[in-house]
Amino acid sequence: MKLLFSLAVITNKNQKVEDLIKPYIRKTYNNDLKSCIKNQRSYISGVLYGSFDDERYDGRLLLIKNKNGKSCLGYKAKIKDVEWQKMVDLENEELKENGVDIEKNKVNLEKAFGFTNAIITPDGNWHGMIPLDLISIGFTEKEPCKEYIKNYYTKYIKPFEETGSITILTCNI
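All figures in this text were calculated on a predicted structure; none of them were measured in a lab.

## Quick word on the overall build of the protein chain
Alright, step 1. A count of helices and strands for the protein chain gives 5 helices and 8 strands.
Alright, step 2. Counting from the amino terminus, helix and strand elements in the protein chain follow one another as β-α-α-β-β-β-β-α-α-β-β-α-β.
Alright, step 3. Within the span of the protein chain, comprising 173 residues, buried residues form 43% of the whole.
Alright, step 4. When contacts within the protein chain are restricted to residue pairs at least 6 apart in sequence, those whose partners lie at least 24 apart make up 64%.

This is the structure we're talking about:
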């Protein structure tokens, strides 16, 4: 089972990322992860804002338009400033370079885009995968995973596009 995962946190005006992730932080390391998942709380034992350079981990950063209109990478931005389609295009280019059949496995912003492993919306609800090992603890069926990826942008990002912000975290379970 992987110990690291990427988490996006969507905030509205006057909301803090720290407040939204607080229910998911483990207070003690003795908590059994299976019971934490069953109770839908206390998954996270460590948090890093943004990503770190580790070839074994697929870190995530946002592609953002800066004030000069140029693209740059960052871990926090207003949702409307993120270049979502460019991120999808880059991901498809990378898949193609790695020999993946793009016609069958193409990333599509509206239909097949799971940028982070999990996401917390402004209502404080957790969506997505925890932990990453689908067989042992996380999703036991592939349908919820497919639904999460299918709805990632349209259900969890787009509704907050005008007023929301997004922060990318790297978390440890």
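## Concerning helix 3 (residues 84-97)
Alright, step 1. Between the first and last C-alpha of helix 3 there are 20 Å, a value that for 14 residues agrees with the 20 Å anticipated at 1.5 Å per step.
Alright, step 2. Where helix 3 is concerned, the buried positions are Trp84, Met87, Val88, Glu91 and Asn92. Viewed along the axis of helix 3, the buried residues span an arc of 135 degrees, placing them on a single side of the element. Opposite the packed face of helix 3, turned more than 90 degrees from it, sit the exposed residues Lys96 and Glu97.
Alright, step 3. At the exit of helix 3 stands Gly99, carrying a positive phi of roughly 85 degrees.

## Remarks on the pattern of salt bridges
Alright, step 1. Considering all chains together, one arrives at 2 salt bridges under this definition.
Alright, step 2. Here Glu83 and Lys86 are joined by a salt bridge, their closest N and O atoms 3.3 Å apart.
Alright, step 3. Residue Lys86 is classed as partly exposed on the basis of its relative accessible area, which comes to 42%.
Alright, step 4. Residue Glu110 pairs with Lys158 through a salt bridge whose shortest N-O separation is 3.8 Å. Placement of Glu110 in the loop between helix 4 (102-105) and strand 6 (118-120) and of Lys158 in the loop between helix 5 (142-157) and strand 8 (165-172) is noted, with a sequence separation of 48 residues between them.
Alright, step 5. Assessed through its relative accessible area of 37%, Glu110 is described here as partly exposed.
Alright, step 6. Taking the relative accessible area as the measure of exposure, Lys158 reaches 38% and is therefore partly exposed.

## Overview of the nonpolar core
Alright, step 1. If you look at the biggest cluster of nonpolar residues, it comprises 26 residues, and the most contacted ones within it are Leu62, Trp84, Phe113, Ile157 and Ile166.
Alright, step 2. Broken down by secondary-structure element, the contributors of at least two residues to this core are strand 1 (4-11), strand 3 (62-65), helix 3, helix 5 and strand 8.
Alright, step 3. Here this core gets 6 residues from one element, more than from any other, and that element is helix 5.
Alright, step 4. When sequence neighbours within four positions are dropped, the list of residues in contact with Ile157 reads Ile10, Ile79, Trp84, Ile119, Tyr152 and Ile166.
Alright, step 5. Judged by nonpolar contacts, the second largest core, of 15 residues, contains Leu20, Tyr43, Ile44 and Ile173.

## Here we look at the pairing of strand 3
Walk down a regular strand and you will see the side chains alternate between the two sheet faces.
Alright, step 1. Where strand 3 and strand 4 (residues 71-74) come together, 4 bridges link them in antiparallel fashion. Each bridged residue has a counterpart across the sheet, and for Leu62 the counterpart in strand 4 is Gly74.
Alright, step 2. Linkage of strand 3 to strand 4, two consecutive antiparallel strands, is achieved through a turn of 5 residues, within which Gly69 is found at a positive phi near 85 degrees.

## Considering the confidence of the model for the protein chain
Close inspection of predicted coordinates is inappropriate in any region flagged by low pLDDT.
Alright, step 1. In the predicted model, the protein chain carries a mean pLDDT of 82, and the fraction of residues at 70 or more is 82%.
Alright, step 2. Per-residue pLDDT stays below 50 along residues 134-138; that stretch engages in 11 contacts with residues further than four places along the chain or on separate chains.

## Re a nonpolar patch on the surface
Alright, step 1. Together, Val47, Tyr49, Leu61, Leu73 and Tyr75 make up a nonpolar patch on the protein surface, roughly 420 Å² of accessible area in all.
Alright, step 2. You can see Tyr49 is positioned in strand 2 (residues 46-49).

## As for the environment of Val100
Alright, step 1. Relative to the helices and strands, Val100 is located in the loop between helix 3 and helix 4.
Alright, step 2. Residues contacting Val100, with those up to four places away along its chain left out, are Leu95 and Asn105.

Here is what the cut-offs are and how they apply
Residues numbered from 1 in each chain as written. Predicted model: local features only at pLDDT ≥ 70, side-chain atom pairs only at ≥ 80, totals over all residues. Heavy atoms only, no water. Helix = DSSP H or I, 4+ residues; strand = E, 2+ residues; numbered from the N terminus. Buried < 20%, exposed > 50% of the residue type's maximum accessible area, 1.4 Å probe, protein only. Contact = heavy atoms within 4.5 Å. Expected span 1.5 Å × (residues − 1). Arc of directions from axis to C-beta. Salt bridge = Lys/Arg side-chain N within 4 Å of Asp/Glu carboxyl O. Core = buried A, V, L, I, M, F, W, Y, C linked by side-chain atoms within 4.5 Å. Pairing = 2+ DSSP bridges. pLDDT = per-residue confidence, 0-100. Patch = residues over 30% accessible without salt bridge, like charges linked within 9 Å, V, L, I, M, F, W, Y side chains within 5 Å. Areas by Shrake-Rupley, 256 points an atom, 1.4 Å probe, with all protein chains shown as cover.

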